[in-house]
Amino acid sequence: MSIQTPPTLLQLAVESLLRDQASAISALEYLPAELFPPLFIQAYRRKIWQPLSAMVRAWPFSLLPLGGLMQLPPVMVLKSMLDELDVLLAQKVRPRRWKLRVLDFRNTGENFWRMWCGDSTPKCSLTGPVAVHISSPNMEHPLAPLEVFLDLDFNERDGDEFFMYIVQWAQQRKELVHLCCKTLRFFDVPFERARKVLDGVQLDCIQEVEVDYPLDLPTLGTFALYLGQMSNLQRLSLSHINLLAEEEEQRSFSQFLTQMLRLRQLRDLNMESPSFLRGRLDQMLRCLQTPLDKLSLWFCRAADTFRPDTPVPVPQPQAAEVPASVWRQPHRF
């Protein structure tokens, strides 16, 4: 016969608070900080949205990693949370207890929830100050009262309403909120769907771009106008660029090269089925401003990527730099 472990005092306190939501909300100002994470988790799992939003306003930690939860909240719940933040951000003198500086929607924060809700580790501590100025390397911007991190992951399953709401909310509060999107990925969705979101974000925050959707070369040329503004981009992955008429193809390729000249931080370039590079790879490599650490070309013929009268341009490594590594997998017909 197994003996059931009795609930802890912390668990009993959380259960009591969730049974009386009105009392829980009114008591938030006086609750010990240790109660907030388990109370937040339980309210989230049970979809008790009203105290969840109220806890954002009284959050006693510098970081709230919402993306570390299993599933992001619905847009209406997100709106309710951000409305609570609006009340605080509009105040010149904010509550003494409110310490929130970073709202993180990325898939991070497991250590935070684990530390407060079980399986804690002594190495994890998020009660100290959070540096918000490191969101965009080499970029200077005024420190906003609130830093918001968001990965832009577009796919066929999820809609864009969640992204659009956060982007528009941050845009309307530029002096109070700094939105930082470090990663852009879109899988099986057209570029036009992501474009309306990209028009509203600070592109020099983006450090990684992955496109797994067939693009024609003119669309790549248009997308390159956005790439050229990603001055801190370090990794770029493109798949399946379709070719069109030769004249239009050359114009789009030139536009792509022009923007590649601006990517001074690029270190990792991955391309799958890059048929548009046939006879042009040397041009692209020459336009790169710094040596690559890694260059991956998949499903292409090595002989097709260089003109026969042109030597292979290998970036010369400087001191403490790693020369580019090139992998080519020949296409099978």
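Residues numbered from 1 in each chain as written. Predicted model: local features only at pLDDT ≥ 70, side-chain atom pairs only at ≥ 80, totals over all residues. Heavy atoms only, no water.

Visitor: Just checking my understanding: could you explain the overall build of the chain for this structure?
Guide: Within the chain, the regular secondary structure consists of twelve helices and 13 strands. Residues counted as buried form 48% of the 333 residues belonging to the chain. Nonlocal contacts in the chain, meaning residues at least 24 apart in sequence, comprise 80% of its contacts between residues at least 6 apart. (Helix = DSSP H or I, 4+ residues; strand = E, 2+ residues; numbered from the N terminus. Buried < 20%, exposed > 50% of the residue type's maximum accessible area, 1.4 Å probe, protein only. Contact = heavy atoms within 4.5 Å.)

Visitor: Would you take a moment to explain the pattern of salt bridges for this structure?
Guide: Between side chains of opposite charge, a pair can form as their charged atoms come close. Counting across every chain of the model gives eleven salt bridges. The partner of Arg106 in a salt bridge is Asp104, with the nearest N and O atoms 2.9 Å apart. Of the two residues examined, Arg106 and Asp104, each falls in the buried class. Here Arg195 makes a salt bridge to Glu192, at a shortest N to O gap of 3.2 Å. Pair noted here: Arg195 and Glu192 are both in helix α8 (residues 191–198), with a separation of three residues, about one helical turn. For Glu192, a relative accessible area of 51% puts it in the exposed group. (Salt bridge = Lys/Arg side-chain N within 4 Å of Asp/Glu carboxyl O.)

Visitor: Looking at this structure, I do not really get the pairing of strand β5 (residues 177–180). What am I missing?
Guide: Walk down a regular strand and you will see the side chains alternate between the two sheet faces. By the alternation rule, side chains of β5 split into Val177 and Leu179 and His178 and Cys180, which are all buried. In this sheet, β5 lies alongside strand β3 (residues 146–149) in parallel orientation, the contact comprising four bridges. Bridging across to β5, Leu146 finds its partner in Val177. (Pairing = 2+ DSSP bridges.)

Visitor: Would you explain the confidence of the model for the chain in this entry?
Guide: Averaged over every residue, the pLDDT of the chain is 77; residues scoring 70 or more account for 77%. Taken as a whole, residues 119–142 scores under 50 in pLDDT and shows 45 contacts with residues more than four places along the chain or in a different chain. When the criterion is pLDDT under 50, residues 306–333 qualifies, and its contacts beyond four places in sequence or with other chains add up to 46 contacts. (pLDDT = per-residue confidence, 0-100.)

Visitor: Which parts of the structure should I look at to understand the nonpolar core?
Guide: One broad trend across soluble globular proteins is that nonpolar side chains are buried collectively. Residues Phe40, Phe223 and Phe256 are the most contacted members of the largest nonpolar core, which totals 97 residues. The leading source of residues in this core is helix α5 (residues 75–89), at eight residues. Apart from the residues lying within four places of it in its own chain, the contact partners of Phe256 are Leu220, Ala224, Leu227, Leu238, Met271, Phe276 and Met284. Counting residues in hydrophobic clusters, the runner-up holds five residues, among them Leu63, Val102, Phe149 and Cys180. (Core = buried A, V, L, I, M, F, W, Y, C linked by side-chain atoms within 4.5 Å.)

Visitor: Before we go on, may I ask you to explain the pairing of strand β6 (residues 183–187) in this structure?
Guide: Bridging between strand β4 (residues 152–154) and β6 involves three bridges; their strand directions are parallel. Looking across to β6, one finds that Phe154 is bridged to Phe186. Of the strand pairs in this sheet, β6 and strand β7 (residues 208–212) are connected by five bridges, and their pairing is parallel. By the bridge assignment for β7, Phe187 is matched with Asp212.

Visitor: For this particular structure, what's the right way to read the state of the cysteines?
Guide: Chemically, a disulfide is nothing more than a covalent bond linking the sulfur atoms of two cysteines. This structure, assessed with the given rule, holds zero disulfides. Not engaged in a disulfide, the cysteine Cys205 finds its nearest cysteine sulfur in Cys180; these two sulfurs lie 3.5 Å apart. Classification of Cys205 as buried rests on a relative accessible area of 0%. (Disulfide = S-S within 2.5 Å.)

Visitor: I keep staring at the side chain of Ser252 and nothing clicks. Help me out?
Guide: Checked against the element boundaries, Ser252 lands in helix α10 (residues 246–260). Excluding anything up to four places from it in sequence, Ser252 contacts Leu217, Pro218 and Gly221.

Visitor: Just to check I follow, could you spell out unusual backbone geometry for this structure?
Guide: What you tend to see is this: most non-glycine residues have negative phi, and most peptide bonds are trans. Although it is not a glycine, Lys47 sits at a positive phi angle of roughly 60°. Topologically, Lys47 is positioned in the loop between α3 (36–45) and α4 (49–57).

Visitor: Any chance you could explain the environment of Val102 here in plain terms?
Guide: Turning to its location among the elements, Val102 is positioned in strand β2 (residues 102–104). On the basis of relative accessibility, which here comes to 4%, the residue Val102 falls in the buried class.

Visitor: What am I meant to see in helix α6 (residues 110–117) here?
Guide: Buried within α6 we find Phe112, Trp113, Met115 and Trp116. End-on view of α6: buried residues confined to an arc of 160°, all on one side of the axis. Contacts from the buried residues of α6 go to α3 and β1 (63–65). (Arc of directions from axis to C-beta.)

Visitor: What's the story with the sheet that holds β3 in this structure? I'm lost.
Guide: Each strand in a sheet pairs with another by means of backbone hydrogen bonds, the pair being arranged parallel or else antiparallel. Pairing is parallel across the open sheet formed by four strands, whose spatial order is β1-β2-β3-β5. Edge positions in the sheet fall to β1 and β5, since each has one partner strand and no second. When strand polarity is set aside, the average angle formed by the axes of neighbouring strands in this sheet is 15°. Two strands pair when backbone bridges link them, and β1 and β2 are joined in this way by three bridges, in the parallel orientation. (Axes fitted to C-alpha atoms, helices over the stretch in contact; angles between N-to-C directions.)

Visitor: Even after reading the chapter, I still don't get α8, so can you show me in this structure?
Guide: Side chains that are three or four residues apart share a direction in an α-helix, a result of its 3.6 residues per turn. All of the buried residues along α8 are Phe191, Ala194, Val197 and Leu198. Take α8 and look down its axis: the buried residues cluster within an arc of 115°, on one side only. Those residues of α8 hidden inside the fold are in contact with β4, α7 (161–171), β6, β8 (215–216) and α9 (217–227).

Visitor: Is there a simple way to think about the packing of aromatic side chains in this case?
Guide: Any aromatic ring pair is given by two values, namely how distant the centres are and how the planes are angled relative to each other. The full count for this structure, using the stated rule, is 16 aromatic pairs. Geometrically, the ring pair formed by Phe40 and Trp113 is stacked, given 5.7 Å between the ring centres and 20° between the ring planes. Within this pair, whereas Phe40 is found in helix α3, its partner Trp113 is found in helix α6, the two being separated by 73 residues in sequence. With a relative accessible area of 0%, Phe40 lands in the buried category. For Trp113, a relative accessible area of 6% puts it in the buried group. Taking 5.2 Å as the distance between ring centres and 70° as the angle between the ring planes, the aromatic pair formed by Phe154 and Phe163 counts as edge-to-face. For Phe154, a relative accessible area of 1% translates into the label buried. Chaining the aromatic ring pairs together yields one cluster made of Phe36, Phe40, Trp59, Phe61, Phe112 and Trp113. Against the face of Phe149 rests Arg106, its NZ or CZ located 4.3 Å from the ring centre. (Phe/Tyr/Trp six-rings, centres within 6.5 Å; stacked < 30°, edge-to-face > 60°. Lys NZ or Arg CZ within 6 Å of the ring centre and 35° of its normal.)

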